[in-house]
Amino acid sequence: MTRHPLLFAVFTTDILTFLLILGASATAFRIALHWDPQNTGAEQLRLQARSETATLAVAWAFGLHLFATATLVYAMTNILPGMVPGAMCGTGVLQAMSSSGLRMLVYRLVGLAILWVWWRVENVNQSLPEAPLIPITARLVLLVLPVLGLALQASWQAALSMDFQQPVDCCAVVYDQFQTLRAAQRTLGINDAVWLTAFGAMTIALLAAAWAAWKFPTRRRAHLLLAALTIGWLPIAAITLVRVLAACHYGVLHHHCPWCLFLPEHRLIGFPLWTSWLLVALEMLSALVLSALSVRQSPLVRRHACEQAATSARNTLLAALIFVLLSAGPAVWWRLHFGMCLTG
């Protein structure tokens, strides 16, 4: 197990985050069972006061979880590779963590998604004097509790399983999966040109759908279309970046490693790139939930929920544009500077 202070800070923050959510979950459980806004009794008033404290605790937990996740990614890409024999980036670090590393990242992202949706719903709730969405936010808190518990367990197991004596293959595994040059030029049996074309077409459709959902937030079909296009865009964008466009960042062909984009020699471009990609997913999910939330609510709640859904759609549009500029920009520059594209 590594004793690096940065990882100790991440693990300590994870424990504090879990304890905050655990404390808020006790109140959330009581809200789920006994919440009655029409009741003016002492028990209901105490529950309302505790709900405010729980909201503050979850907000702090959200910020701490986001900070810890970003710090962990930085440690995995810029600190730990120097401690693992043979590691050059996050690929080698994940190998040293065995299967616990991937589970840790998955649980963290799922927890982040739930807390992101909670934050959006809570914004609607706080904008209304009667706070009618408290039962919904309480259920989201109860939902995120086991996810953060699993993330904490996976983080501990990943730290314990790290082997600093056994060398890892790191990016060599990227090249070993290709037997021929033709295999390196195809993904799932599809060549790079098709992926690039699909990425361009899906991006145009996604931007148009995000604009429509932003300008017409009361039309639920616009948000459903945006969600459907985003679900298709996310894997296509990730594959196109790693398999095609990353070559212009690396300056070499067929280096299909998403973790090397986080390295200083590549200007840490992976952080804004994958953050914008993740933001598209999170805001799409928020817009979809807020749109569905407004269906069976009062006109006042519906109006504020639609406003938040419009904000999420706008952020989806901006995040997608940032991803396209950062991923395809170097390819355009390469074409203008050298008169050719860096493709296989």
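Residues numbered from 1 in each chain as written. Predicted model: local features only at pLDDT ≥ 70, side-chain atom pairs only at ≥ 80, totals over all residues. Heavy atoms only, no water.

**Q** Just checking my understanding: could you explain the overall build of the protein chain for this structure?
**A** Broken down by element type, the protein chain carries 11 helices and 2 strands. Order of helices (α) and strands (β) in the protein chain, N terminus to C terminus: α-α-α-α-α-α-α-β-β-α-α-α-α. (Helix = DSSP H or I, 4+ residues; strand = E, 2+ residues; numbered from the N terminus.)

**Q** Would you mind showing me how to read empty space enclosed by the protein here?
**A** Where empty space is left in the structure can be found by rolling a water-sized probe over the atoms. Counted according to the given criterion, the structure contains 4 cavities of 30 Å³ or more. Space inside the second largest cavity adds up to approximately 110 Å³. Around the second largest cavity, the lining comprises 14 residues; the ones closest to its centre are Ser51, Ala54, Thr55, Thr137 and Val141. Of all elements in the fold, only α1 (5-34), α2 (42-79), α4 (99-126) and α5 (134-161) reach the threshold of two or more residues within the lining of the second largest cavity. Classifying every residue of the lining of the second largest cavity gives 9 nonpolar, 4 polar and 1 charged. (1 Å grid on protein atoms, 1.4 Å probe; cavity = no way out; pocket = protein on both sides within 12 Å on 5 of 7 lines; lining within 4 Å. Points joined across faces, edges and corners; volume = space filled by probe spheres on them. Nonpolar A, V, L, I, M, F, W, Y, C, P; charged D, E, K, R; others polar.)

**Q** Please clarify how unusual backbone geometry should be interpreted in this entry.
**A** Peptide bonds are trans in most cases, and residues, glycine excluded, mostly fall at negative phi. Here Arg267, not a glycine, exhibits a phi torsion of approximately 60 degrees, which is positive. Considering the arrangement of structural elements, one finds Arg267 in the loop between α9 (220-250) and α10 (270-293). Judged by relative accessible area, which is 57%, Arg267 ranks as exposed. One non-glycine residue, Leu268, lies in the positive phi region at around 55 degrees. As for its position among the elements, Leu268 is in the loop between α9 and α10. (Buried < 20%, exposed > 50% of the residue type's maximum accessible area, 1.4 Å probe, protein only.)

**Q** Just checking my understanding: could you explain the environment of Gln165 for this structure?
**A** Mapping Gln165 onto the fold places it in the loop between α5 and α6 (172-176). A residue is classified by how much of its surface remains accessible, and Gln165, at 69% relative accessible area, is exposed. Note: C-alpha distance between Gln165 and Pro85 (80 residues apart in sequence) is 6.8 Å.

**Q** Just to check I follow, could you spell out the environment of Leu326 for this structure?
**A** With respect to the helices and strands, the residue Leu326 is situated in helix α11 (residues 299-338). In the structure, Leu326 is positioned 77 residues away from His249 in sequence and 9.8 Å away in space, judged by C-alpha atoms. Contact partners of Leu326, with chain neighbours within four places excluded, come to His249, Ile269, Pro272 and Leu273. (Contact = heavy atoms within 4.5 Å.)

**Q** Can you walk me through the packing of aromatic side chains in this structure?
**A** Here the distance between the centres and the angle between the planes together describe a pair of aromatic rings. Under the counting rule described, the total for this entry stands at 12 aromatic pairs. On the numbers, 6.1 Å between centres and 45 degrees between planes, the contact of Phe62 with Trp119 is tilted. Taken together, the positions of Phe62 in helix α2 and Trp119 in helix α4 put the pair 57 residues apart, joining distant regions of the chain. Between the aromatic rings of Trp259 and Phe262, the centroid separation amounts to 5.8 Å while the plane-to-plane angle is 40 degrees, which identifies the pairing as tilted. Residue Trp259 shares its accessibility class with Phe262, and that shared class is buried. Taken together through their ring pairs, the aromatic side chains of Tyr74, Trp259, Phe262 and Phe271 make up a single cluster. The positively charged end of Lys215 is found above the aromatic ring belonging to Trp214, 4.2 Å away from the centroid. The ring of Phe216 carries Arg219 above its face, with NZ or CZ at 4.5 Å from the centroid. (Phe/Tyr/Trp six-rings, centres within 6.5 Å; stacked < 30°, edge-to-face > 60°. Lys NZ or Arg CZ within 6 Å of the ring centre and 35° of its normal.)

**Q** Whenever I open this one, the layout of surface pockets confuses me. Can you help?
**A** By volume, the largest pocket is sized at about 860 Å³. Lining the largest pocket we find 28 residues, and of these Val73, Leu109, Phe262, Trp274 and Leu278 sit closest to its centre. Looking at the lining of the largest pocket, the elements that each hand over two or more residues are α2, α4, α9 and α10. A total of 8 residues in the lining of the largest pocket trace back to one element, the largest contributor, which is α10. Partitioning the lining of the largest pocket into residue classes produces 22 nonpolar, 5 polar and 1 charged.

**Q** Where do I start with the nonpolar core in this structure?
**A** One recurring pattern in soluble globular proteins is that nonpolar side chains are buried together. With 60 residues, the main nonpolar core has Met76, Met97, Met104, Trp233 and Trp259 as its most contacted residues. Top contributing element to this core by residue count: α9, with 14 residues. Here Trp233 is in contact with Phe199, Met202, Thr203, Leu206, Trp277, Val280 and Phe323, once residues within four sequence places are set aside. With 37 residues, the next largest nonpolar core counts Ile114, Trp118, Leu148 and Leu290 among its residues. (Core = buried A, V, L, I, M, F, W, Y, C linked by side-chain atoms within 4.5 Å.)

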